[in-house]
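Secondary and tertiary structure notes
The residues making up each chain are set out below.
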Amino acid sequence: MAKKEKKTRNSAMDRAFQRTKVLTDHLLQSPPSSSFQTPSLSSNACLNYSPPELSEKYAFDINDMRKLMDGHDLEERDRLFGMITQSKVFNPRVRGGKVFVSPDYNQSMEQQREMTWKRIEYLFERGVFQGWLTGEGEEIEMRRFACFEVLGLFDHSISIKLGVHFFLWGGAIQFFGTKHHHNKWLRDTENYLIKGCFAMTELGHGSNVRGIETITTYDSNTGEFVINTPCESAQKYWIGGAANHATHTIVFSQLNINGTNQGVHALIAQIRDADGNVRPNIRIADCGHKIGLNGVDNGRIWFDNVRVPRDNLLNSVADVSPDGKYLSAIKDPDQRFAAFLAPLTAGRVNIAVNAVYQSKVGLAIAIRYALTRRAFSLKPKEPEVLLLDYPSHQRRLLPLLAKTFAMSFGANYLKMLYVKRTPQSNKIIHVVSSSFKATFTWSNMQILQECREACGGQGLKTENRVGHLKAEHDVQSTFEGDNNILMLQVSKALFAEYMAAQKPNKAFKGLGLEHMNKPCPVIPSQLTTTTLRCSQFQIDALCLRERDLLNRFVAEVSQCQAKGESKEHAFIMSYQLAEDLGKAFSDRTILQTFVEAEATLAAGSLKDVLGLLRSLYALNCLEDGAYLRYGYLSVENAATVRREITKICSELRPHALALVSSFGIPDAYLSPIAFNWIDANSWSSAQH
């Protein structure tokens, strides 16, 4: 037994000695000893960065693709891109021989706020905001959207700070005010003589605006409104601009006239004087450091018997006479309340569109990195494989790329819907903006997370943007409407359309539900590549899901009501179907905008690539759990869909660089790992 143990111990020592000898020979570059015929080890040649443009070909015109996706104001966008990259106020820095611009997120909260304000001043001095509130027409509105998209690519804080001032404060005056309000406030707002904020959210009430607790009463003796914060939960909270810069705010409060609560109304109140001092009877506190968006000075406001002139009531919806009589042409309190939410629609449009552009940044960085970063060899002595040549990496990123293209077309549709708005179209704008805001911001979080992971450790570095963009845009899921609440509103609107269509001689008309008037689509028992890539099949499949879920939702709510429950309680109890239905509506609407955009193109390579993207987006929607949960797809067909997605990913792989290049985002707005990440991390770069 002892002899056996000794032999084992000697064998282990021999192996340890052999490993030590091999490592020593390798490190000292000495030949192997004759006693161990071990092949010599040599180091691999150092990795060199090779621009993907040298090996990747463009099969279509990327400028034509950009025109299709951006849709409008390309020259204005490029002018603003150039203006930003040429100024030191936008924090240019050289990494790997290229200039990049983005905020310095390592700065303190106070420094980030100061820099956001300096950048706004720089843009104002160069006339960027000219006509944003005083101009009229579609051209001005579309130019404003384009500028927001560019500025959002640089920094979320600057776009939100501007959005609060122009879209919320300025938009409230435009929508709720009348001519004398427009004349008094809009030009001074555009010229930043007034800095506005929007005090709707409270500590105790966010999405439930109707339940806010701030109270305004009217004093007919002085002709003034008196605003009060009656309790701590009524303090205005998360008010962008309030902590440092805003001079005025729109105050949303319960309007109490002669002992009767007339519901939520909006007034203008001054909170600081021209020198920046907080006005009497107003208290302001800072909301403090956040997980992102620290360039925006969010604050809290308390009102202690703050008196404002009667003319400060924004009175397009309702008014109060000098002697204290409440006047409104809209008698229904529900309709009056709905009218007061109009400015939020513009905000939701901006948030939705901005989310798409952040997804583009993340994908452009992750895909460019995957076209130059290698990992593992499939065979000895062969080069390591590019990340994007792995089918698994394609499957991670390319369906998200297709989804981003689809959302781009959806965003363009939403913007046109908004700028061409009429009183009759308000309902569809509300429903689509609510749906797209939720879908696009949720998707943006998913996309940025996957891109962060796909970049490995480099995705953790703030300078590489992807990881930090996630923190900066996390807020999108909850501000200006919690996404879950918005999707419930979408389902409620579809419910109302369904009930209206049940009346004699009525058909579905509006919200894209006209497909409900046709026979129910049928999914073939066996799916082929030809069928799966057919746009009509894809639309039918998405319409089938929406149609069935709407029928199920109506039936479940109706059954609950039949048991004596209120409609609101029935909606709450049917929340799972409501969530599935809201998603089905959004996916179907987005696909239809994709198909319509594709239809504008003549046959050719651009249309062919778009067809692949459209099919990948649609089939990705078919992977939603509802298709198996409710039996729209058999298990076999679901597996066929999955295999087809993998095939389309491999077909899109050669176009990956062209597709992200067609986003039209200048190199300076991406990050070092999107380009020469070896030089960017070299010793010489570290010394600068």
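Residues numbered from 1 in each chain as written. Predicted model: local features only at pLDDT ≥ 70, side-chain atom pairs only at ≥ 80, totals over all residues. Heavy atoms only, no water.

1. Remarks on the overall build of the chain
Scanning the chain for helices and strands turns up 23 helices and 15 strands. Judged by the C-alpha coordinates and their principal axes, the chain covers about 110 × 65 × 65 Å. Expressed as a percentage of its 688 residues, the buried residues of the chain come to 53%. Counting only contacts in the chain whose residues sit at least 6 apart along the sequence, the fraction spanning at least 24 positions is 74%. Total accessible area on the chain stands at roughly 30,900 Å², and carbon and sulfur atoms take up 53% of it. Side-chain charges of the chain comprise 79 positive and 71 negative groups, with the mean position of each set lying 5 Å from the other. (Helix = DSSP H or I, 4+ residues; strand = E, 2+ residues; numbered from the N terminus. Buried < 20%, exposed > 50% of the residue type's maximum accessible area, 1.4 Å probe, protein only. Contact = heavy atoms within 4.5 Å. Areas by Shrake-Rupley, 256 points an atom, 1.4 Å probe, with all protein chains shown as cover. Lys, Arg positive; Asp, Glu negative; His and termini not counted. Charge placed at Lys NZ, Arg CZ, Asp CG, Glu CD.)

2. Comments concerning the side chain of Asp219
Turning to its location among the elements, Asp219 is positioned in strand E4 (residues 215–219). Residue classification places Asp219 among the buried positions, given a relative accessible area of 16%. A polar side-chain atom of Asp219 sits 3.2 Å from a polar atom in the side chain of Arg307. Apart from residues lying up to four places away in sequence, Asp219 is in contact with Glu224, Val226 and Arg307. (Polar contact = N/O pair within 3.5 Å; in protein donor to acceptor, adjacent residues only side chain to side chain.)

3. Describing the UniProt feature "binding site: FAD" (unreviewed entry) in the chain
Per the UniProt entry, the sites bearing "binding site: FAD" (unreviewed entry) are Thr201 and Gly240 in this numbering. The named residues occupy 40 residues along the chain; their greatest pairwise C-alpha distance, 10.5 Å, places them in one compact cluster. Among the annotated residues just listed, those lining the largest cavity are Gly240. As for its position among the elements, Thr201 is in the loop between strand E3 (196–199) and E4. Setting aside anything within four residues of it in sequence, one finds Thr201 in contact with Gly206, Gln235, Lys236, Tyr237 and Ile239. By secondary structure assignment, the location of Gly240 is in strand E6 (residues 236–240). Look at Gly240 and you get buried, because its relative accessible area is 12%. Excluding residues that lie within four positions of it along the chain, Gly240 makes contacts with Val164, Cys197, Val296, Asp297 and Asn298. (UniProt positions renumbered as here; feature names shortened; annotations may be inferred. 1 Å grid on protein atoms, 1.4 Å probe; cavity = no way out; pocket = protein on both sides within 12 Å on 5 of 7 lines; lining within 4 Å.)

4. Structural notes on the environment of Ser535
Here Ser535 is to be found in helix H15 (residues 535–562). The exposure class of Ser535 is partly exposed, given its relative accessible area of 28%. Taking the C-alpha atoms as reference points, Ser535 and Val595, 60 residues apart in sequence, are found 7.3 Å from one another. With near-sequence residues (within four places) excluded, Ser535 lies in contact with Val595 and Arg614.

5. Considerations on the packing of aromatic side chains
Within this structure, the stated rule accounts for 30 aromatic pairs. Both rings, one in Phe129 and one in Tyr192, keep their centres 6.1 Å apart while their planes meet at 55 degrees; by these two values the pair is tilted. Placement of the pair is Phe129 in the loop between helix H4 (109–125) and helix H5 (138–154) and Tyr192 in the loop between helix H7 (179–190) and E3, with a sequence separation of 63 residues. Residue classification places Phe129 among the buried positions, given a relative accessible area of 2%. Three or more aromatic residues joined by ring pairs form one cluster here, namely Trp117, Phe124, Phe129, Trp132, Phe145, Phe148, Phe166, Phe167, Tyr192 and Tyr418. (Phe/Tyr/Trp six-rings, centres within 6.5 Å; stacked < 30°, edge-to-face > 60°.)

6. Topic: the sheet that holds strand E10 (residues 298–303)
Spatial ordering of the open sheet is given by E6-E10-E9, a layout of three strands whose pairing is antiparallel. With one partner strand each, in any of the chains shown, E6 and strand E9 (282–286) form the two edges of the open sheet. With strand direction ignored, the average angle separating the axes of adjacent strands in the sheet is 35 degrees. For E9 and E10, the ladder comprises five bridges, and the chain directions are antiparallel. By the bridge assignment for E10, Arg283 is matched with Trp302. (Pairing = 2+ DSSP bridges. Axes fitted to C-alpha atoms, helices over the stretch in contact; angles between N-to-C directions.)

7. Observations concerning the domain arrangement of the chain
Considered domain by domain, the chain is made up of domain 1 (69–176), domain 2 (196–327) and domain 3 (341–495 + 522–672). With centres defined by C-alpha atoms, the gap from domain 1 to domain 2 works out at 27 Å. With 17 residues of domain 1 in contact, the opposing surface of domain 2 contributes 26 residues. Of the roughly 1,800 Å² buried between domain 1 and domain 2 on both sides combined, carbon and sulfur atoms contribute 66%. (Domains from an automatic or database assignment. Buried area = accessible area lost by both parts, 1.4 Å probe.)

8. Digging into the pattern of salt bridges
The full count for this structure, using the stated rule, is 41 salt bridges. Across the pair Glu463 and Arg95 runs a salt bridge whose closest N-O atoms are separated by 2.6 Å. Within this pair, whereas Glu463 is found in the loop between helix H11 (426–454) and helix H12 (466–473), its partner Arg95 is found in strand E1 (residues 92–95), the two being separated by 368 residues in sequence. Comparing Glu463 with Arg95 shows no difference in burial state: the two are buried. One network of salt bridges, with partners in common, ties together Arg66, Asp70, Arg77, Asp78, Glu149 and Lys415. (Salt bridge = Lys/Arg side-chain N within 4 Å of Asp/Glu carboxyl O.)

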